[in-house]
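# Observations on the model geometry
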Amino acid sequence: MQFWQIQTLNSFALGGLLFLLSSGFALIFGLMRIANLTHGALFMLGAYAAVSAMRAGFGLALAAVIAALSVAVVGGLIERLVLRRLSGNAQGQVLATLGLSFIASDFCLIVWGGDTIPIQTPAMFQAPLRFMGLIFPTYRLVVVGIAVVVGMVLYLLMERTRLGAMIRAGVDDMQMARAVGIRASALFTTVFCLGALLAGLGGAVGGPIFSAYPGLDSDMLSLALIVVILGGIGSLVGTFVASFIIGFIYTFGTALLPDLAYVILFLPMVIVIAFRPTGLFGTIRT
Amino acid sequence: MATDTSALVLESVHAYYGHSHVLHGVSLRLDEGRLLALLGRNGAGKTTTIMCIAGLLQAREGSIRMFGRALGRLAPEFIARAGVRLVPQGRRIFPSLTVQENLAVAEQKRAGGSPWSFARVYELFPRLRERHRQGAGSLSGGEQQMLAIGRALMGNPKVLLMDEPSEGLAPLIVAEVGRAIEQIKREGLSIILVEQNFKLALDLADDVVVINTGQVAFSGSADAVRAENELVTQHLGVF
Ligand SMILES: Nc1ncnc2c1ncn2[C@@H]1O[C@H](COP(=O)(O)OP(=O)(O)OP(=O)(O)O)[C@@H](O)[C@H]1O
Ligand SMILES: [Mg+2]
């Protein structure tokens, strides 16, 4: 009983973190048609930035804010200084983001070393919640809560604001969006910073669950790619649902059939690509 | 020529798609408050000319000026902000936005006065008001065309480019769109209208330019064309 209940909650927590990671990835791909392979590295940078902020004496909440903002700045610089020069060159952008993610992981190795660095769960969330005879790890619930709140804020941003409408217009038809006066350059930077901010936030918030370690970047990047393919590009709801589906498949897959974890993970993706190339909810073909 | 304040002046504009040379030195002049009909057969280069003005295609040679200001090297969003707005061929409304959002993203107020607003656009096309919360992708072809025109007007343009607004529409809707263009023109807007519908274009036009294989084949007043139909039909053939 305890096994199922804990794994279910773990699945939700992983799903929430995957949403923080993948929503930005999907947003950037939808608007700029760039598969941003630095996204895993941005998540990892978020985790390490939180480590440093906490060593400097901040609590996890403030450390997460600092991490998210610093990673947003890094994202903005990547977009302005590198991707901007490669606009229209999809292959160049993929290679550049891949190269940058290698640089980022080496940078982390030099600065934070090769050992796994645990991140403390805030004291107030360390005691498990007891409810109807069941025991829940409190921090997992907090992570799910954060993901749901971020999801709602993103939804309102996209559906209820002029900025959101401008982003959706750009996803529909970038050339026409520019012809109605939408500044592509400012929009790209904004969206890239937002995506990086969410990834950095995910890395920091996920810290007590994953810790910070070399290789966190590629672990997360492959999960983000699976989520985005499953959920479909250009659909926030699709990304949200797919994040939790993958959260469940991965958590239970590794717990029940550890040898087949990758088969279980990649199989749904292959099936989706074969039978529904736009993803479960998306409108743009990957 | 530096002091030329015509609404829009193109001087020997050359444009390419990759290696294929499509515009071979197009020159034309749109005077303020007038409507210029840009005519020509399929593939003559009308859309290419429009795309060059809007900055969606970079002219390789020649100059494009709006009220004396060179637009040549500006990115499309800055040409739009300078006051050139486009009703593109095929409408290209944003399907995942509502009607109202399509108008909102294009909204721009101008220091020199902003005659157009949501209210004015909805007054021009009451059907858009009825459907303002509806997804634009679910509109009929005629409604999408009205939205494309409304979206361009929301930018309070100084020069309006319309590329085949009657294409693929039922006759009744064509008449409605024609009336709207007439009303817009009465506001004193300077307009380039590309049309395959010869009659619609001639009813509205002050000036006529015909292009053929990327070159200007005829340029004159609409009155002259109306008086002597042969003049243009010999260049157009198809009508
Ligand atoms: N994207 C493109 N790539 C290559 N060639 C193109 C492209 N678009 C148009 N052309 C070619 O350029 C020429 C001019 O095309 P353009 O679209 O300007 O014609 P048009 O006068 O607008 O025709 P229509 O009345 O059919 O809209 C044509 O020969 C066309 O085949
Ligand atoms: Mg055309």
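Below is a summary of the structure that appears in this document.

### Considerations on the overall build of chain A
Counting secondary structure elements, chain A contains 12 helices and 2 strands. Taken from the N to the C terminus, the helices and strands of chain A come in the order α-α-α-α-β-β-α-α-α-α-α-α-α-α. Considered along the principal axes of its C-alpha atoms, chain A spans approximately 60 × 45 × 35 Å. Burial status across chain A gives 51% buried among its 286 residues. The long-range share in chain A, meaning contacts at least 24 apart out of those at least 6 apart in sequence, stands at 76%. For chain A, the computed accessible surface area is about 12500 Å², with 71% contributed by carbon and sulfur atoms. Treating the 14 positive side-chain charges of chain A as one cloud and the 9 negative ones as another, the clouds have centres 12 Å apart.

### Regarding the sheet that holds strand 4 (residues 61–66) of chain B
Two orientations exist for strands paired in a sheet by backbone hydrogen bonds: parallel and antiparallel. Residues and elements named next belong to chain B. Reading across the sheet, the 4 strands line up as 2-1-4-5 and stay open at both edges, with antiparallel pairing between neighbours. One side of each edge strand has no neighbouring strand; the edge strands of this open sheet are strand 2 (20–30) and strand 5 (69–70). Here strand 1 (residues 8–17) pairs with strand 2 via 8 bridges, running antiparallel. Following the sheet pairing, A15 is matched in strand 2 by L23.

### Focus on the packing of helix 1 (residues 2–32) of chain A against helix 5 (residues 138–160) of chain A
Residue and element names in this part refer to chain A. Close contact between helix 1 and helix 5 brings their axes to 8 Å; oriented N to C, the two are set at 30°. By the angle class used here, helix 1 and helix 5 are roughly parallel. Like other packed secondary-structure pairs, helix 1 and helix 5 cross with a definite hand, here left-handed. Contacts between helix 1 and helix 5 involve L9, N10, F12, A13, G16, L17, F19, L20, S23 and L27 from the former and R140, L141, V143, V144, A147, V150, G151, L154 and M158 from the latter.

### A closer look at the site of ligand 1
Residues and elements named next belong to chain B. Close contacts around ligand 1 come from 13 residues, with G43, K46, T47, T48 and Q196 the closest. Side-chain polar atom of N42 to an oxygen atom of ligand 1: 3.2 Å apart, as the coordinates give it. Here Q196 contributes a side-chain N or O atom positioned 2.7 Å from an oxygen atom of ligand 1. No other element matches helix 1 (residues 46–54), which puts 3 residues into the shell around ligand 1.

### Remarks on the sheet that holds strand 10 (residues 215–221) of chain B
Residue and element names in this part refer to chain B. Ordered by their spatial adjacency, 6 strands build an open sheet running 6-7-8-3-9-10, and the pairing between neighbours is mixed. Only two strands of the sheet have a single neighbouring strand rather than two, namely strand 6 (84–87) and strand 10. Along the sheet, successive strands turn relative to each other by an average axial angle of 15°, direction set aside. Lying over the sheet, helix 6 (residues 141–153) contacts strand 6 and strand 7 (159–163), oriented at roughly 175° with respect to strand 6.

### Regarding the interface of chain A and chain B
Between chain A and chain B, the residue contacts involve 19 residues of the former and 22 residues of the latter. Of the roughly 1800 Å² buried between chain A and chain B on both sides combined, carbon and sulfur atoms contribute 52%. Between the two partners, chain A and chain B, sit 3 salt bridges. We note a salt bridge from E77 of chain B to R178 of chain A, for which the minimum N-O separation is 2.6 Å. Inspection of the region where chain A meets chain B yields 11 residue pairs in polar contact (both at pLDDT 80 or more). Listed by contribution, the elements that provide at least two residues to the side of chain A that touches chain B are helix 6 (162–172), helix 7 (174–179) and helix 8 (184–205) of chain A. A per-element tally of the side of chain A that touches chain B places helix 6 of chain A first, with 6 residues.

### Points about a nonpolar patch on the surface
Residues and elements named next belong to chain A. Taken together, the side chains of F3, W4, L256, L257, L260, V263, L267, I271 and F275 define a hydrophobic patch exposed on the protein surface, amounting to about 910 Å² of accessible area. Within the residue set of the nonpolar patch, elements represented by two or more residues are helix 1 and helix 12 (261–275). At 4 residues, helix 12 tops the list of elements feeding residues into the nonpolar patch. Topologically, L257 is positioned in the loop between helix 11 (236–256) and helix 12. Look at L257 and you get partly exposed, because its relative accessible area is 43%.

### Observations concerning the pairing of strand 8 (residues 190–194) of chain B
As a general feature of sheets, a regular strand has side chains that alternate between the two faces. Residues and elements named next belong to chain B. Of all 5 residues making up strand 8, 5 are buried, and the element is well covered by its neighbours. Residues S190, I192 and V194 line one face of strand 8 and the alternating positions I191 and L193 line the opposite face, and both faces are buried. Examined bridge by bridge, strand 3 (residues 35–39) and strand 8 share 4 bridges and lie parallel to one another. Bridging from a neighbouring strand, A37 pairs with L193 of strand 8. Two strands pair when backbone bridges link them, and strand 7 and strand 8 are joined in this way by 5 bridges, in the parallel orientation. Within the sheet, the bridge partner assigned to D163 lies in strand 8 and is V194.

### Section: the pairing of strand 3 of chain B
All names here are of chain B. Counted residue by residue, strand 3 has 5 buried out of 5 residues, so it is predominantly covered. Here strand 3 shows a buried face lined by L35, A37 and L39 and a second buried face lined by L36 and L38. Where strand 3 meets strand 9 (residues 207–212), 4 bridges bridge the pair, whose relative direction is parallel. Bridge pairing in strand 9 places A37 opposite V208.

The rules behind the values
- Residues numbered from 1 in each chain as written.
- Chains lettered and ligands numbered in written order.
- Predicted model: local features only at pLDDT ≥ 70, side-chain atom pairs only at ≥ 80, totals over all residues.
- Heavy atoms only, no water.
- Helix = DSSP H or I, 4+ residues; strand = E, 2+ residues; numbered from the N terminus.
- Buried < 20%, exposed > 50% of the residue type's maximum accessible area, 1.4 Å probe, protein only.
- Contact = heavy atoms within 4.5 Å.
- Areas by Shrake-Rupley, 256 points an atom, 1.4 Å probe, with all protein chains shown as cover.
- Lys, Arg positive; Asp, Glu negative; His and termini not counted.
- Charge placed at Lys NZ, Arg CZ, Asp CG, Glu CD.
- Pairing = 2+ DSSP bridges.
- Axes fitted to C-alpha atoms, helices over the stretch in contact; angles between N-to-C directions.
- Parallel < 35°, antiparallel > 145°, perpendicular 65-115°, else oblique.
- Left-handed = near helix turned anticlockwise from the far one by under 90°.
- Near = heavy atom within 4 Å.
- Polar contact = N/O pair within 3.5 Å; in protein donor to acceptor, adjacent residues only side chain to side chain.
- Buried area = accessible area lost by both parts, 1.4 Å probe.
- Salt bridge = Lys/Arg side-chain N within 4 Å of Asp/Glu carboxyl O.
- Patch = residues over 30% accessible without salt bridge, like charges linked within 9 Å, V, L, I, M, F, W, Y side chains within 5 Å.

Take it as geometry only, folks, not as evidence of what the structure does.
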